[in-house]
Amino acid sequence: MNNPWLEIPISDYESHMSLPTVDQAVMTATELSRVLSQFTPESVAVIGCAGGNGFDAIPASTKRVVGVDINHSYIARAAERYEQRIPGLEFHVADVQSDHLPFEPVELIYASLVLEYVSLPESLDNLARVCLPGGRLVTLLQQPSTTMTALTPSPYNTIQSLNKIMRLVPSSECAGYAASAGFTLESEKSLTIKSGKSFLVQVYYRQ
Ligand SMILES: C[S@@+](CC[C@H](N)C(=O)[O-])C[C@H]1O[C@@H](n2cnc3c(N)ncnc32)[C@H](O)[C@@H]1O
């Protein structure tokens, strides 16, 4: 089976994320900006970066920025938007669960709304290899809801193909695999957006 993310046009994905009923793009961009100002890493990797959501708020103190996504057309769009604007920017088309990630280790890894679509043990092992000792992994996970479907209905039908692979990840499961990969849970907090959907941000420290 082809990964459904390879079949979703970036315009469908970004339009879906910006629908008032979904409205998740601002949340994930805001969290990226927040962790960059909290930890002031010199280097960051954004895993599942799509079209570069949040890249416009990356501070100058972050000297190296790595964007990774499985979909080459998302990476092409992100490069078109940001290559001239952000010094020290590099992009890689890679599948985080099966590819050796082809970049030098970074101080902070941000994986927002991507672990729902991958195999956790392989992905976290791969991420541990590209996180510097003393660095951090920040994950943002969608939480289950008793009243809402995991994928919000929308006019962009291609998005519904994600039902085949999407799985909401229990936070303890993520923490367990992260610990096996060498990440210690440092803090966590939940966020609830206007639609009523909740998310969990976990910060891990790399031993
Ligand atoms: C729900 S979007 C989240 C985008 C962005 N992180 C945000 O929060 O705004 C998931 C992104 O992860 C990418 N993705 C999904 N599976 C992946 C994988 N196995 N390896 C790398 N990227 C993946 C998708 O192509 C998509 O861009």
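Residues numbered from 1 in each chain as written. Predicted model: local features only at pLDDT ≥ 70, side-chain atom pairs only at ≥ 80, totals over all residues. Heavy atoms only, no water.

As recorded in an unreviewed UniProt entry, the protein goes by the name Class I SAM-dependent methyltransferase, listed as coming from Prosthecochloris vibrioformis.

Draft legend 1. Representation of the pairing of strand β1 (residues 43–47). For β1, the tally of buried residues reaches five of five residues, placing the bulk of the element in the interior. Residues of β1 alternate between two faces, with Ser 43, Ala 45 and Ile 47 on one and Val 44 and Val 46 on the opposite face, all of them buried. (Buried < 20%, exposed > 50% of the residue type's maximum accessible area, 1.4 Å probe, protein only. Helix = DSSP H or I, 4+ residues; strand = E, 2+ residues; numbered from the N terminus.)

Draft legend 2. Geometry of the site of the ligand. In the vicinity of the ligand there are 17 residues, among which Gly 48, Asn 53, Asp 69, Asp 95 and Ser 112 approach most closely. Contacts to the ligand include Thr 28, whose side-chain N or O atom sits 3.1 Å from an oxygen atom. Here Gly 48 contributes a backbone N or O atom positioned 2.7 Å from a nitrogen atom of the ligand. Here the ligand, which alone exposes 590 Å², has 97% of that area covered by the protein. Across the shell around the ligand, the residue classes break down as 10 nonpolar, five polar and two charged. (Near = heavy atom within 4 Å. Polar contact = N/O pair within 3.5 Å; in protein donor to acceptor, adjacent residues only side chain to side chain. Areas by Shrake-Rupley, 256 points an atom, 1.4 Å probe, with all protein chains shown as cover. Nonpolar A, V, L, I, M, F, W, Y, C, P; charged D, E, K, R; others polar.)

Draft legend 3. How the structure looks around unusual backbone geometry. Located in the positive-phi region is Asp 23, a residue other than glycine, with phi close to 50 degrees. Within the fold, Asp 23 resides in the loop between α1 (10–18) and α2 (25–39). A positive phi angle is found at Leu 113, which is not glycine, with a value near 55 degrees. Judged by its relative accessible area of 16%, Leu 113 falls in the buried class.

Draft legend 4. Spatial organisation of the sheet that holds strand β4 (residues 106–112). Taken together, seven strands build an open sheet; the order of strands is β3-β2-β1-β4-β5-β7-β6 and the sheet is mixed. Either end of the sheet is taken by a strand with one partner, and the two such strands are β3 (89–93) and β6 (183–192). Neighbour to neighbour, the strand axes of the sheet diverge by 15 degrees on average, direction disregarded. With nine bridges connecting them, β6 and strand β7 (residues 198–206) associate as antiparallel partners. The partner of Thr 192 across the bridge, within β7, is Ser 198. Here helix α4 (residues 120–129) sits on the sheet in contact with β1, β4, β5 (131–142), β6 and β7, set at roughly 145 degrees to β5. (Pairing = 2+ DSSP bridges. Axes fitted to C-alpha atoms, helices over the stretch in contact; angles between N-to-C directions. Contact = heavy atoms within 4.5 Å.)

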